[in-house]
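Spelled out, the chains give:
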Protein chains: 2
Amino acid sequence: MDKKYVYSFSEGNKEMRNLLGGKGANLAEMSGLDLPVPQGFTITTEACNRFYEENSQLWDSLLTEIDQHLEELEKIQGKKFSDPKNPLLVSVRSGAVFSMPGMMDTILNLGLNDEAVKGVAESTENERFAYDSYRRFIQMFSDVAMEVPKALFETKIDEAKEAKGVKDDTELTAEDLKELVEEFKAIYKEEQGEEFPQDPKTQLTYAIEAVFRSWNNPRANIYRKLNNIPDDLGTAVNVQSMVYGNMGDTSGTGVAFSRNPSTGENKLFGEYLMNAQGEDVVAGIRTPQPISHLEDIMPDIYNQFKDIADKLEHHYKDMQDLEFTIERGKLYILQTRNGKRTAHAALNVAVDLVEEGLITKEDAVLRVEPSSLDQLLHPTFNKDDLDSAVAIAKGLAASPGAASGKIYFTAEEVKAASEKGEDCILVRQETSPEDIEGMISAKGILTARGGMTSHAAVVARGMGKCCVAGASEVHVDERAKTMKVKDITLTEGEIISIDGSTGAIYKGEIKKENPKMTGNFGKYMQWVDETRNLKVRTNADNPRDAKQALEFGAEGIGLCRTEHMFFQEDRLPAVREMILSSSVDQRQNALDKLLPFQEEDFYEIYKIMTGLPVTVRLLDPPLHEFLPTKKEEMETLAEDMNLSYDEIVSKVEELHEVNPMLGHRGCRLAVTYPEIYRMQARAIINAALRIKEEGADIIPEIMIPLVGDIKEMKYVKEEIIDEIEKVFEEKGINVEYHIGTMIEVPRAALMADEIAQEAEFFSFGTNDLTQMTFGFSRDDAGKFLPEYSEKKIYPQDPFAVLDQAGVGQLVKLAAEKGKSANPNIHMGICGEHGGEPQTVEFCNNIGLDYVSCSPYRVPIARAAAAQAAIKANSEDIHIDK
Amino acid sequence: MDKKYVYSFSEGNKEMRNLLGGKGANLAEMSGLDLPVPQGFTITTEACNRFYEENSQLWDSLLTEIDQHLEELEKIQGKKFSDPKNPLLVSVRSGAVFSMPGMMDTILNLGLNDEAVKGVAESTENERFAYDSYRRFIQMFSDVAMEVPKALFETKIDEAKEAKGVKDDTELTAEDLKELVEEFKAIYKEEQGEEFPQDPKTQLTYAIEAVFRSWNNPRANIYRKLNNIPDDLGTAVNVQSMVYGNMGDTSGTGVAFSRNPSTGENKLFGEYLMNAQGEDVVAGIRTPQPISHLEDIMPDIYNQFKDIADKLEHHYKDMQDLEFTIERGKLYILQTRNGKRTAHAALNVAVDLVEEGLITKEDAVLRVEPSSLDQLLHPTFNKDDLDSAVAIAKGLAASPGAASGKIYFTAEEVKAASEKGEDCILVRQETSPEDIEGMISAKGILTARGGMTSHAAVVARGMGKCCVAGASEVHVDERAKTMKVKDITLTEGEIISIDGSTGAIYKGEIKKENPKMTGNFGKYMQWVDETRNLKVRTNADNPRDAKQALEFGAEGIGLCRTEHMFFQEDRLPAVREMILSSSVDQRQNALDKLLPFQEEDFYEIYKIMTGLPVTVRLLDPPLHEFLPTKKEEMETLAEDMNLSYDEIVSKVEELHEVNPMLGHRGCRLAVTYPEIYRMQARAIINAALRIKEEGADIIPEIMIPLVGDIKEMKYVKEEIIDEIEKVFEEKGINVEYHIGTMIEVPRAALMADEIAQEAEFFSFGTNDLTQMTFGFSRDDAGKFLPEYSEKKIYPQDPFAVLDQAGVGQLVKLAAEKGKSANPNIHMGICGEHGGEPQTVEFCNNIGLDYVSCSPYRVPIARAAAAQAAIKANSEDIHIDK
């Protein structure tokens, strides 16, 4: 027994998060701060990993270690397991390194058995409480640890209430509950084939195993996938003496944030229920009271709690999310953690904490998860439209944002409808972890029950998804697929709008507007920009996107694709004429028709981006993409082109490719048909000269795609330069321009030292690079990647998060080789990964000059770049997820 | 003028081959050996490269340097350019680093003009000779340097002969020739718009430029491509005093090898023509006399020549290919070089030279171009069939081997027919460089004219292609597409057989037989095996190939593909049943049917390869490859499978892939359907256990294709091991086995250190690795790779010769990473490149354990491996191409 697997709260602290989990580390920390924490101990995450190595069994030496800590706890509490007078009761809770709300399972009141229940009744002088606790324990233990269906117990309770003719659980008497306990034990025996375990240590062993097992339940797996949490972190288990919020009217329980997690406002924010256990609040079954109400009824407790919240906020230098219980007028803190918050709140808290002098600007920059900024970039309702709209109901403003969509009443239906392209609102009585996929697909979430800390509210805030919760006026009938508000009945598929910032619910659709980056958001982004080294450009191939990106702070265009221009209706005939040409002259003719269109395209974009670099990628896709494949379309084309149908068919067949991804595309088109790139180069330069003649500045960057060799690069580059020189001669004026290449073929990365001799810039095309390096195409990988994810072969989707281990090696190698051969080379990334925070950090660390991403990801990339710069400067700063 | 661009013969030697070209270096060397070499100077290959940098112009300082060397030469020869008494005449010849027969152009008699011709007439007292030389010069200069069509001149000669009523050129008198000279100059003026240049220096400048330009003519480009000679080597130009073989009956010219280039026999081998210039011999217009005949008519000259040949052979320690001219009874050596030879001759010469004590065994191993061994592995005619066959004619045994095929009379027709899969014999009056592509496509070549050193003979020997040349009994009518022999007329498409080792021509087809590796070939291969470190395995997936490879010395199977087994008629229904299964049970059922077939496949191969390693690659192609795509076939399948047509269509559509190369294949199939590999693993182990029970040895190696990550490898490996353990348990016996992976996805190479932890061997699948690293698929690259080759972007086809610079980096990296993580790992290559000598050398140098190639390339790989080992030991040994 070399390794220590169990720590008393008094042995730990907040730095031991990896070992003790978030909850355990914070309980230990609070214990050290002498806050009123019920004592207990934590079984480490390492034990969880060993548990899986031991074939999902607890091993002997661990059991011994647990026994020793139990004895110690018994001494501290002055209670003993199974003591018929004054038994020790504990809670068993999971506690992973990163908090995973709703995902993990908890067992309360462990230690109760037929003897101990009597002891509790005696010591609390409250028999009803004792048996209520016992029946809750049996139910929870059976459900969580032994997988006995919860419904079996619920039915018994319903029967008991019906028999007594009462409505609420609280109306059941001690005797009723005693009977229920017997019935519950019978259910357990029926289902498990053995008696309900009476030995508290057996109960504890089962419970710990259940927590460890729950680390691998499907819901937990989905959450980790969604949040990029590695599967091998494991969870710790916290065993803690029970305190009771359900011991009568001077008892209660609640959860609260030290500031408002929706807005960041510096004011206690939370809710509580008197005479209840914690699970009652989180589950959202009874609608709780706002925390401010506590000030009225128990001012001392309220003030004590407020002081503790302040103390913890100062101690952790961040907004805290606390759980508390009042047991017969005495306050206990059961948990604290850095509170999850909306991006809006995160920004406001971060800026406020800087202004309160608690943290530095750099700390503040690190306090906002870059990808959460996405929430702030989503539309809000148009003010005018909103003024003329009448809300049909109001719920809690659980997660800000505005959404309109068709209503659906199950997660499956939302998923199916949104896959068809519909905007959907998930409407539920209340949500549960099973609804996660529907919540991901929905534009917004509306629940009839549950408070600000209900499942729907917490998860929606985590996702940055608009949510109105606890709209009690709304009657949801999930089976009938209707929601009723007063006299209005809405059925599946009807459209509503919800405002997650006000809680208002509207019938029909309301126009939405883009938000501005002002106030604390503006201040935050200013700090971000002061901090980062990496430039952030955007991928845009039309003026609308370019303008949007500029508003979001883009510092140029890193990727302007030209094929979308070719696909436009007014150009397609000329494009097809070019493809169907049987001679260079014919092809040139068709290209001459395209030239003015392309020139105008570039001119419009340049006008918006004056003074900034604009990288235009020359034509990339294989030519067959521009030809029709259906018979009728080919017939029409034949007519239009004055060719026979057979000629069209034969051209289409000639251009057919077995593997279009690995075919005749990119600069390979220019090697066979140099006139195409010449036309594009001419259009780029013509447009730039017009800008110059208007007295503005633009520096065109011409990007050659799919290069794999220096000679290929050189050949294509020389064709382009030759054409540009012609334009300069014709017009009699010059403009500065740069020619570079995409690094997207693995060979280009390997040969980057040579290619860099001919390239003024590299832009990493990580989409293609990922496909070719892994050897699977995005179009086809759908058939097996989900299985790879399930079988944990690839922890993250390599098309979403750059595969640093594999593809990243090539990027890094190419960057090093490129710089060594050409110290002036300018480098960036322009794949889908360019706005993904982990990838941005990688790009920063390997010394790229910029990332380029879609307009809506520009602010995210800016923040990620700033965080990367800070982290690179001090590798050991602690970052909360 | 820092750099020296011109060297007198007396300034050079044979080590300066890169600078002076092969011909120039050897002229200088012979000059140093005091052999009778007409003096002159060489303009370097560096001048050729600079010529292209100077926009295909000679630059001033070079012209000055040439002038200085001209003056020197005038002094040595006691003659002067343009001297009306005794003018200096020179030849201008190309001379690249590697000799390129028939590819480059030569100009003789340069220096002649209207004045000088009189001087020559006077000094030689032979006016006819003088004007014959002049008209030849005008013709050659116009054709070669100025691209005036040769036919214009030929027509004038024909007209002159007709007017005189004579048949031979030699019957034209001095007066006739004087008239022709005037007519030729008129043609020149007509075509060029200026007078024929009278200034010898202008003539020389034009001629040198023409040689440099000819470096880049299409024929030269094709030859270099065929022989893997880099385009940037450039050619030198040799300017040499003329000597004349056409000065009457005591003059002559010839070419000879110091040994027989077809068989290696140690006896002068060659031919000569009296009263002729060198071009007459090489062009094959008059059929020359065998060199032995010279001994009879000019014994002194013959003996002098024989001594020189011996001296040069000892000096160069290799068989020499000499050109000589006899001018009025005096012998001059115009050229020597290591003689091109058949593989058969190369082997015999190499073994003889070792036995003569001239070279070592290692030298001998280096003396045979490994890929030329291919010639010896081709079939010869079956003795019995040959005995009963009657030759219809006999020609020269110009290049050994046996071939049967349909006759075609143009290179284009041969190319077209052989692309359709026909075996063809190219039948020509005589071949010219324009015929090269047809010669490549043909199984054999038959010419009616030309000797052993004619174009057809030289080129065919270089290619190792069977050739019968100078079959004068055969009357070829290329327009009528017939060949007549006596009373037999054969028309296009009829079949003949030719024996390049005897010169015999047969009507119809004759059975062929594989040769044995005995005699000098056996001795050579024994030296090869004593020398090499790299093992050589074969790619074989049936007993026939395995047996053939074993005879050729294979040391195991490096790649046994299993998909070919799946495609066989008796298995395909079960394969399709497996693919169309809708449940695991159904799939297992179908796999159970395949199991006995696969087991038998492996068993039969193991029986042949007992004692040797056999690497079986598990199923690789995407499943849709096994399904039909045509309507009728799908209907039949539906019936057979008891499914509806629609179900088949929908399955086919479901399995369709956009990029099958990057799709659901390789071990990805096993991640989704582990039962497939389990069946294959079971079949492998069952078969191996049967071999073991029979008392023999076999070590199965199980190869998992398309791995990209250690977790993927681990997952699939665990499935396989689990199945194997089951088999062991069921049968109660064990067998040693190894599990490894192909490295064919770029990511696998990058992650090789991790993957090596789970792999006992790596086999580099360079086919896929090349496709993915370059980002083009072999199926699609045909659309642009020819253009890449033409535009000199890729000097070699990366699917034929491993791209060491790019793909090779990944192979090397993976080998290093693999070894560092797992020092016991065994590594080889199994792509198409495995039998390609340059690639074999690369594999040797990066420390792989073996290469694996198709059976017929096994001896080539063995020889290449031996050469690689020798070269690695002494990097500076000089190897002739």
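Every value quoted in this text rests on a predicted model; they were computed, and no experiment measured them.

Chemist: Where do I start with the environment of Leu 204 of chain A in this structure?
Modeler: Residues and elements named next belong to chain A. Its location among the elements puts Leu 204 in helix H8 (residues 200-214). As a C-alpha pair, Leu 204 and Ala 145 span 59 residues in sequence and 9.9 Å in three-dimensional space. Those residues in contact with Leu 204, other than ones at most four positions away along the chain, are Ile 66, Leu 70, Val 92, Leu 110 and Val 239.

Chemist: Please explain the relation of the copies chain A and chain B as it appears in this structure.
Modeler: One copy of the chain maps onto the other through a rotation about an axis plus a displacement along that axis. Once turned by 179° and shifted 0.1 Å along the axis, chain A lies on chain B with an RMSD of 0.3 Å. The two molecules are tied by a two-fold rotation axis, judged by turn and shift. A shared binding surface is used by both copies, with 100% of the interface residues of chain A retained as interface residues in chain B.

Chemist: Just checking my understanding: could you explain the interface of chain A and chain B for this structure?
Modeler: Many structure descriptions define interface size as the accessible area lost when the parts assemble. With 50 residues of chain A at the interface, the matching set in chain B holds 50 residues. Between chain A and chain B the total buried area reaches about 4,300 Å² when both faces are included, carbon and sulfur atoms providing 58% of it. Run the count over chain A and chain B and you get 2 salt bridges. A salt bridge links Asp 803 of chain B to Arg 747 of chain A; the nearest nitrogen and oxygen atoms lie 2.6 Å apart. Between the two partners, chain A and chain B, sit 32 residue pairs in polar contact (both at pLDDT 80 or more). Elements with a minimum of two residues in the side of chain A that touches chain B: helix H25 (645-655), helix H26 (667-672), helix H28 (710-731), helix H29 (746-750), helix H31 (766-774), helix H32 (778-781), helix H33 (785-790) and helix H34 (807-821) of chain A.

Chemist: Can you walk me through the side chain of Asp 318 of chain A in this structure?
Modeler: Residue and element names in this part refer to chain A. Summarising the element assignment, Asp 318 is placed in the loop between helix H12 (299-316) and strand E9 (320-327). Judged by its relative accessible area of 3%, Asp 318 is buried. One polar contact links Asp 318 to Arg 341, side chain to side chain, over a distance of 2.8 Å. Apart from residues lying up to four places away in sequence, Asp 318 is in contact with Glu 313, Asn 338, Arg 341, Val 349, Leu 353 and Arg 367.

Chemist: Would you explain the pattern of salt bridges in this entry?
Modeler: In a structure, side chains of opposite charge can pair up when their charged atoms sit close to one another. The tally for this structure, following the rule as stated, stands at 127 salt bridges over all chains. With its nearest N and O atoms 3.1 Å apart, the salt bridge here joins Lys 189 of chain B to Glu 195 of chain B. With a shortest N-O distance of 3.4 Å, Lys 812 of chain B and Glu 816 of chain B are connected by a salt bridge. You can see Lys 812 of chain B and its partner Glu 816 of chain B sitting in helix H34 (residues 807-821), 4 residues apart, about one turn around the helix. For Lys 812 of chain B, a relative accessible area of 40% puts it in the partly exposed group. Residue Glu 816 of chain B is classed as partly exposed on the basis of its relative accessible area of 45%. Salt bridges sharing partners connect three or more residues here, namely Arg 678, Arg 682, Glu 719, Asp 722, Glu 723 and Glu 730 of chain A.

Chemist: Help me understand helix H1 (residues 17-32) of chain B in this model?
Modeler: An α-helical turn contains 3.6 residues, so any two residues separated by three or four positions project in the same direction. Residues and elements named next belong to chain B. Helix length check: H1, at 16 residues, gives a terminal C-alpha distance of 15 Å against a target of 22 Å (1.5 Å per residue), a shortfall beyond 12%. Its axis deflected by about 80° at Lys 23, H1 carries its strongest bend there. Count one or two residues on from H1 and you reach Asp 34, which has phi positive near 60°.

Chemist: Teacher, can you tell me more about the environment of Gln 588 of chain B here?
Modeler: By the secondary structure assignment, Gln 588 of chain B is in helix H23 (residues 584-608). Spatially, the C-alpha atoms of Gln 588 of chain B and Tyr 673 of chain B are 10.0 Å apart, while their sequence positions differ by 85 residues.

Chemist: Got a minute to help me understand the sheet that holds strand E7 (residues 269-274) of chain A in this structure?
Modeler: Hydrogen bonds between backbone atoms are what pair the strands of a sheet, whose relative direction is either parallel or antiparallel. All names here are of chain A. Spatially, the 5 strands line up as an open sheet ordered E8-E7-E6-E9-E10, and their pairing is antiparallel. The open sheet has two edge strands with one neighbour each: strand E8 (289-290) and strand E10 (330-338). In the sheet, E7 pairs with E8 via 2 bridges, with the strands oriented antiparallel. The partner of Glu 271 across the bridge, within E8, is Pro 290.

Analysis parameters
- Residues numbered from 1 in each chain as written.
- Chains lettered and ligands numbered in written order.
- Predicted model: local features only at pLDDT ≥ 70, side-chain atom pairs only at ≥ 80, totals over all residues.
- Heavy atoms only, no water.
- Helix = DSSP H or I, 4+ residues; strand = E, 2+ residues; numbered from the N terminus.
- Contact = heavy atoms within 4.5 Å.
- Least-squares fit on C-alpha atoms with pLDDT ≥ 70 in both.
- Buried area = accessible area lost by both parts, 1.4 Å probe.
- Salt bridge = Lys/Arg side-chain N within 4 Å of Asp/Glu carboxyl O.
- Polar contact = N/O pair within 3.5 Å; in protein donor to acceptor, adjacent residues only side chain to side chain.
- Buried < 20%, exposed > 50% of the residue type's maximum accessible area, 1.4 Å probe, protein only.
- Expected span 1.5 Å × (residues − 1).
- Bend = angle between axes of the 7 residues up to and from the residue.
- Pairing = 2+ DSSP bridges.

All quantities given are derived from atomic positions and should not be read as evidence of function.
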